[in-house]
Structure formats: structure tokens, C-alpha cells
Amino acid sequence: MQIPLQIEPSNGALADVDYRWDPDTDILSAQLRPGAVGEGASGAVEVEGKDGSWLTFDLTSGRIHGVEVAVWPTVQKFSILTPPAEVEDARAVVRARDGRAVASLEVNTSVLAEADHAERVIHFRLGGGNRARTVRLGRDLLLDLDAQSHLAGVWLLNVPPFPADS
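## Here's the deal with the overall build of the protein chain
At step 1: Looking only at helices and strands, the protein chain has zero helices and 14 strands in total.
At step 2: Going from the N terminus to the C terminus, the protein chain shows its helices and strands as β-β-β-β-β-β-β-β-β-β-β-β-β-β.
At step 3: The burial tally for the protein chain puts 43% of its 166 residues in the buried class.
At step 4: Residue pairs at least 24 apart in sequence account for 63% of intrachain contacts in the protein chain once pairs closer than 6 positions are excluded.
At step 5: Total accessible area on the protein chain is roughly 8300 Å²; 46% of this is exposed by carbon and sulfur atoms.

Laid out in C-alpha cells, this is it:
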């Protein structure tokens, strides 16, 4: 999958993640608070899975600011799902191959989802690449990157229960 990211050092304090479930559509949104600050376009990177699943990464000032799961792939459940232990705090800017900021991008690839039994930790694997490192955009939002710094996955941590389950 070819969503190239430029990783920048974190500006210090980690952003909180605000989760929101839409009980009518099963859409889960995770947004960073406070939002991204800087120069660059605002828009979206849409990832469509080969199974019809949809993930949308929101861009603010060219940086990934949140993610929305609009159409869920089949979720494989594990009794325990643990995110990587080595994680660096960072900001992620979506860049085109020529270095320009991207405002809109749509990619078709495989999307695999896995979660712990309670669905409090959810991991999406994007494309067929292997994770080389993981960066933390917010307290509960991690991105997996492959060796070329392309987006390879996303972790949602401490996800609240779906409203119908509470």
C-alpha cells in the first residue's frame, strides 16, 4: 500500500483521543484533541478494503488528525491483543512522492481487523506490508509504518464499548 508518511517529532504533550460511536451506523470515529496545527491542506485519505470495508484518515494542516471506521471488515478476536512495546511519539504528515502535501487520496488494499475479546483494543492491518515501527499520534492512537514509512496499520486503544453494549 502506498500512503507515504513524513514522521515529525512530537510537539511535547500527547493529544487526547475522543472516541464517538454512531449507534445507527456502527461508525467509530477517533479524533485527536487538540487538533493539528501547522501548514498544509485539510482533507482525507480513504482506504477501501477489498471486502468493502472503509477507513478514513482525517487530515488537518496536512497531518493525520483522526480516523473513522465507516464499514467494518470482519474482526478476528483474541483473548488479549497487545500493541507494540516500542513506540515513539510523533506527528504524521501525508506527503506525495514529490514531497507535496496531500489533501485527498483514495487507496484500495486489503484491510484486516483484530481486537481483544472486549473490543477495547482494535488493530487494523493495511496492505500486505510488514510493520517496521510504530508511532503514537495521541494517547490512544498509534500508527504502524513499514520500512519505507508507508502506513501499514492503525491501533485504537481504550475504545469505549458500543452504545448498545453498555
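Text resumes after the structure shown.
## A short note on the nonpolar core
At step 1: Residues L5, L55, F57, I64, F124, L143 and L156 are the most contacted members of the largest nonpolar core, which totals 37 residues.
At step 2: Beyond its immediate chain neighbours, meaning those up to four positions away, L5 contacts I64, A92, V93, V94, L143, L145, S149 and L151.

## Let's talk about the environment of D140
At step 1: Its place among the elements puts D140 in the loop between β12 (133-138) and β13 (141-145).
At step 2: Residues D140 and A30, spaced 110 residues apart in sequence, show a C-alpha to C-alpha distance of 9.0 Å.
At step 3: The residues contacting D140, other than those within four sequence positions of it, are V17, Y19, W155, L156, L157 and N158.

## With respect to the packing of aromatic side chains
At step 1: Under the criterion given, the structure shown has three aromatic pairs.
At step 2: Between W72 and F124, the aromatic rings sit 5.7 Å apart at their centres with planes inclined by 50 degrees, giving tilted as the arrangement. Highlighted residues: W72 in the loop between β6 (63-71) and β7 (75-78) and F124 in strand β11 (residues 122-126), separated in sequence by 52 residues.
At step 3: Exposure remark for F124: the relative accessible area of 0% places this residue in the buried category.

## As for the environment of A147
At step 1: Mapping A147 onto the fold places it in the loop between β13 and β14 (151-156).
At step 2: In this structure the C-alpha to C-alpha distance between A147 and G129, which are 18 residues apart in sequence, comes to 8.6 Å.
At step 3: Discounting residues that sit within four places of it in the chain, A147 has contacts with N130 and A132.

## Some details on the pattern of salt bridges
At step 1: Scanning the model with the defined rule gives nine salt bridges in all.
At step 2: Between R33 and D16 there is a salt bridge, and its shortest N-O distance comes to 3.8 Å. A residue pair is termed long-range when its members are at least 10 positions apart, and R33 in strand β3 (residues 27-33) and D16 in strand β2 (residues 16-22) qualify at 17 residues.
At step 3: Among the salt bridges present, the one from D89 reaches R136, with a minimum N-O distance of 3.2 Å. Here the residue D89 occupies a position in strand β8 (residues 88-94), and R136 occupies one in strand β12, the gap between them amounting to 47 residues.
At step 4: By relative accessible area, which is 36% here, D89 ends up partly exposed.
At step 5: A single salt-bridge network, built from bridges that share partners, covers D16, D18, R33 and R139.

Parameters at a glance
Residues numbered from 1 in each chain as written. Predicted model: local features only at pLDDT ≥ 70, side-chain atom pairs only at ≥ 80, totals over all residues. Heavy atoms only, no water. Helix = DSSP H or I, 4+ residues; strand = E, 2+ residues; numbered from the N terminus. Buried < 20%, exposed > 50% of the residue type's maximum accessible area, 1.4 Å probe, protein only. Contact = heavy atoms within 4.5 Å. Areas by Shrake-Rupley, 256 points an atom, 1.4 Å probe, with all protein chains shown as cover. Core = buried A, V, L, I, M, F, W, Y, C linked by side-chain atoms within 4.5 Å. Phe/Tyr/Trp six-rings, centres within 6.5 Å; stacked < 30°, edge-to-face > 60°. Salt bridge = Lys/Arg side-chain N within 4 Å of Asp/Glu carboxyl O.

So far we have only geometry, and geometry alone does not tell us how the molecule works.
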